[in-house]
Amino acid sequence: MSGIFRRVRDITLASLNEHLDRAEDPIQLIDQFLMRTQQEINESERLYKQYVMHANQMKQQMNQAVELRDRREQQALIALKANEEYAAKLALQEKLMHEEKAKHYTELYNRTKDSILELEQQLHTLKGEFQTVYDKRQLYIARMQTIRLQQRMNERTNHFGGNQTDGMFRRLDDRVTDMEWETQSLNNIRHMNQNIQGSYEKEAQLQQEMQRLREKLNTPKE
């Protein structure tokens, strides 16, 4: 019985993780698993309906056989009370025939019920596997979407965020500092030239005064 319901899939839930590790497109692999599992569920549900219908038929045949068995036994008793032994034998023969039928239909009905229980368990397992993988698929997609959004946000932060602004102002500060240094250096050079030029002028005046004094000393008095 179990061989009838057992299905062979290329990928089972137990081996799904191993296949996912090697898959280039995990979502596609998961979708294939879900599709095949759903196909198995659909096939099992169709088979389940057929078994339930078959079980109802077996039960109806069993009840009918039991009812005819009991009726023929009652008829045999009535015939014996009326001293109609031949009629009683006929009724008992039919009673035994219906009893045998009731036995066979009871066995078939019980076997069908066992098959239905096994099929219900298989359906429960398949639906559980499907829901488990589907939930993980949705979680995986949500996590991947979160990562993509985070990456996009990081890209925008790198292009337009505070780090770039700080860098821009640092470069501007460096440029202004260089300009200030150049200006100060030019001022210092100009100041130095002025000092040198002033020294030259004072030295010239001093020499002129010394020359004047020498000339005055050399001039004879009247």
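Treat the numbers as computed from the prediction; the structure is a model and nothing was measured. (Residues numbered from 1 in each chain as written. Predicted model: local features only at pLDDT ≥ 70, side-chain atom pairs only at ≥ 80, totals over all residues. Heavy atoms only, no water.)

A.B. asks: Please set out the overall build of the protein residue by residue, giving values where relevant.
C.D. replies: Helices and strands together make up the secondary structure of the protein, namely five helices and zero strands. The helix and strand sequence of the protein, counted from the amino end, reads α-α-α-α-α. When each of the 222 residues of the protein is scored for burial, the buried share is 19%. Looking at the protein alone, contacts between residues at least 24 apart form 78% of all its contacts between residues at least 6 apart. (Helix = DSSP H or I, 4+ residues; strand = E, 2+ residues; numbered from the N terminus. Buried < 20%, exposed > 50% of the residue type's maximum accessible area, 1.4 Å probe, protein only. Contact = heavy atoms within 4.5 Å.)

A.B. asks: For the pattern of salt bridges, give the residues involved together with the corresponding values.
C.D. replies: Evaluation of the coordinates by the stated rule reveals seven salt bridges. One salt bridge in this structure joins Lys 127 and Glu 45, with 3.2 Å as the shortest N-O distance. Within this pair, whereas Lys 127 is found in helix α4 (residues 85-160), its partner Glu 45 is found in helix α3 (residues 26-81), the two being separated by 82 residues in sequence. Using a relative accessible area of 28% as the deciding quantity, one classes Glu 45 as partly exposed. (Salt bridge = Lys/Arg side-chain N within 4 Å of Asp/Glu carboxyl O.)

A.B. asks: Explain the confidence of the model for the protein to me, using residue names and the numbers behind them.
C.D. replies: The share of residues in the protein with pLDDT of 70 or more is 71%, and the mean pLDDT across the chain is 80. At the low end of the mean pLDDT range in the protein sits helix α1 (residues 2-5), at 42; at the high end sits α3, at 92. Contacts of residues 1-8 to residues separated by more than four positions or lying in other chains number 15 contacts, the stretch itself having pLDDT below 50. (pLDDT = per-residue confidence, 0-100.)

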